[in-house]
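Inside the fold
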Amino acid sequence: MTYRWTLSGVGDTQRFAERLAERLRPGDILALEGDLGAGKTTFTQGLARGLGVRQVVNSPTFTIIKEYQGRLPLYHMDVYRVGDDVDSLGLDEYFFGDGVCVVEWASLIEDVLPQERLTVILRNEGADTRRIELVPQGERYVTLCEEFDSDARTGD
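Here is a short report on the structure shown in this document.

Rules behind the numbers
- Sequence order as written defines the numbering, with residues in each chain counted from 1.
- Thresholds applied to this predicted model are a pLDDT of at least 70 for local features of residues and 80 or more for the giving and counting of side-chain atom pairs; totals over whole chains, interfaces and linings are not thresholded and use all residues.
- Only hydrogens and water are removed before side-chain values are computed, so all heavy atoms of the structure are retained for them.
- Strands here mean DSSP runs of E at least two residues long; helices mean DSSP runs of H or I at least four residues long; both are numbered from the N terminus.
- Pairs of N or O atoms are called polar contacts if they sit within 3.5 Å, as long as, within protein, a hydrogen donor faces a hydrogen acceptor (for residues adjacent in sequence, only side-chain-to-side-chain pairs).
- Pairs of residues are marked as contacts when any of their non-hydrogen atoms sit within 4.5 Å.
- Angles shown run from 0 to 180 degrees and are taken between the N-to-C directions of axes, each axis being a line fitted to C-alpha atoms and, for helices, limited to the stretch in contact.
- Note that the term roughly parallel is reserved for angles under 35 degrees, roughly antiparallel for angles over 145, roughly perpendicular for angles of 65 to 115, and oblique for everything else.
- Left-handed is the label given to a crossing in which the near helix is rotated counterclockwise from the far helix by less than a right angle, and right-handed is the label when the rotation is clockwise.
- A pairing counts as a salt bridge when a side-chain nitrogen of Lys or Arg comes within 4 Å of a carboxyl oxygen of Asp or Glu.
- Burial here depends on accessible area, computed with a 1.4 Å probe over protein chains only, as a share of the maximum for the residue type. Under 20% is buried, over 50% is exposed, and the range in between is partly exposed.
- Buried residues of nine kinds, namely Ala, Val, Leu, Ile, Met, Phe, Trp, Tyr and Cys, make up a nonpolar core once their side-chain atoms join them within 4.5 Å.
- A pair of Phe, Tyr and Trp rings is counted when the ring centres sit within 6.5 Å of each other, with Trp represented by its six-membered ring. The angle between the planes then sorts it: under 30 degrees is stacked, over 60 is edge-to-face, the rest tilted.
- Note on geometry: a ring has a charge over it if NZ (lysine) or CZ (arginine) is within 6 Å of the ring centre and within 35 degrees of the ring normal.

Take Thr13: it is sitting in helix 1 (residues 9-21). Within the local environment of Thr13, its side chain forms a polar contact with the backbone oxygen of Gly9, the two atoms lying 3.2 Å apart. Within polar-contact distance, the side chain of Thr13 engages the side chain of Arg130 at 3.0 Å. Apart from residues no more than four positions distant in its own chain, Thr13 is found in contact with Leu7, Thr42, Phe43, Leu122, Arg130 and Ile132.

As a packed pair, helix 1 and helix 2 (residues 40-50) sit with axes 7 Å apart at the nearest point and diverge in direction by 45 degrees. The orientation of helix 1 relative to helix 2 falls into the category oblique. As helix 1 packs across helix 2, the resulting crossing turns out to be right-handed. Contact with helix 1, carried on its side by Val10, Thr13, Gln14, Phe16, Ala17, Glu18, Leu20 and Ala21, involves Thr42, Phe43, Gln45, Gly46, Leu47, Arg49 and Gly50 of helix 2 and no other residues of that element.

This part takes up the environment of Val102. Assignment of secondary structure puts Val102 in strand 5 (residues 100-104). For the pair Val102 and Ile65, spaced 37 residues apart in sequence, the C-alpha to C-alpha distance is 9.6 Å.

Going through the model one piece at a time under the given rule, you end up with 8 salt bridges. With its nearest N and O atoms 3.2 Å apart, the salt bridge here joins Glu18 to Arg49. In this pair, Glu18 sits in helix 1 while Arg49 sits in helix 2, placing the two residues 31 residues apart along the sequence. What makes Arg49 partly exposed here is its relative accessible area of 42%. The salt bridge partner of Asp28 is Arg140, with a shortest N-O separation of 2.6 Å. Here Asp28, found in the loop between helix 1 and strand 2 (29-33), pairs with Arg140, found in helix 4 (residues 139-154); they are 112 residues apart in sequence, far enough to count as distant. Neither Asp28 nor Arg140 differs from the other in exposure class; each is buried. Among the ionic contacts, a cluster of salt bridges with common partners joins Arg4, Arg123 and Glu133.

With a phi close to 65 degrees, Trp105 is a non-glycine residue in the positive phi region. Topologically, Trp105 is positioned in the loop between strand 5 and strand 6 (117-124). For Trp105, a relative accessible area of 15% corresponds to the buried category.

Formed by 47 residues in total, the largest nonpolar core has its most connected members in Leu30, Phe43, Met77 and Leu134. The contact partners of Met77, leaving out residues within four places of it in the chain, are Pro60, Ile64, Ile65, Leu91, Tyr94, Phe95, Cys101, Val102, Val103 and Glu104.

Okay, the packing of aromatic side chains next. By the definition in use, this model includes 5 aromatic pairs. Centroid distance Phe16 to Phe148: 5.0 Å. Interplanar angle 85 degrees. Geometry classified as edge-to-face. With Phe16 in helix 1 and Phe148 in helix 4, the pair connects residues that are 132 residues apart, well separated along the chain. When the centroid spacing of 4.9 Å and the interplanar angle of 70 degrees are considered together, the rings of Tyr75 and Tyr94 count as edge-to-face. With Tyr75 in strand 4 (residues 74-78) and Tyr94 in helix 3 (residues 91-95), the pair connects residues that are 19 residues apart, well separated along the chain. An aromatic cluster is built from Trp5, Phe16, Phe43 and Phe148, whose rings are joined through pairwise contacts. In this structure, Arg140 packs its charged tip against the face of Tyr141, placed 5.9 Å from the ring centre.

As structure tokens, then:
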């Protein structure tokens, strides 16, 4: 099952992610996909706010992994430039740790990602319109999406 929303602007994208963050738990993994400029970092900024992160969140393109502290640790990864060196990053420590992992360009490291995760696909659909799709993989994420979808559609 895929859950879809159409949002207008950066603010809507960040508010959507903030609401989603309220449901996240230690060990949750979000695999972000989308073209350049589709809003992956914007989404992560909203997620960070929803987790209570007070630091400025920006893309970890050249550092690969950035860590932030909030009600849960947030591990923000951009694996676009990792190449064949993925094993040297120690990603299992993050994936099976006590925080929330957000992996931009996750499909590039499909082989090392945990099977159970929430894939978030962001697409630009015009100057100020973005489509977000949530694709749950595993019972934890199916439940999360069902509850989030129900609340989002009722305005809670």
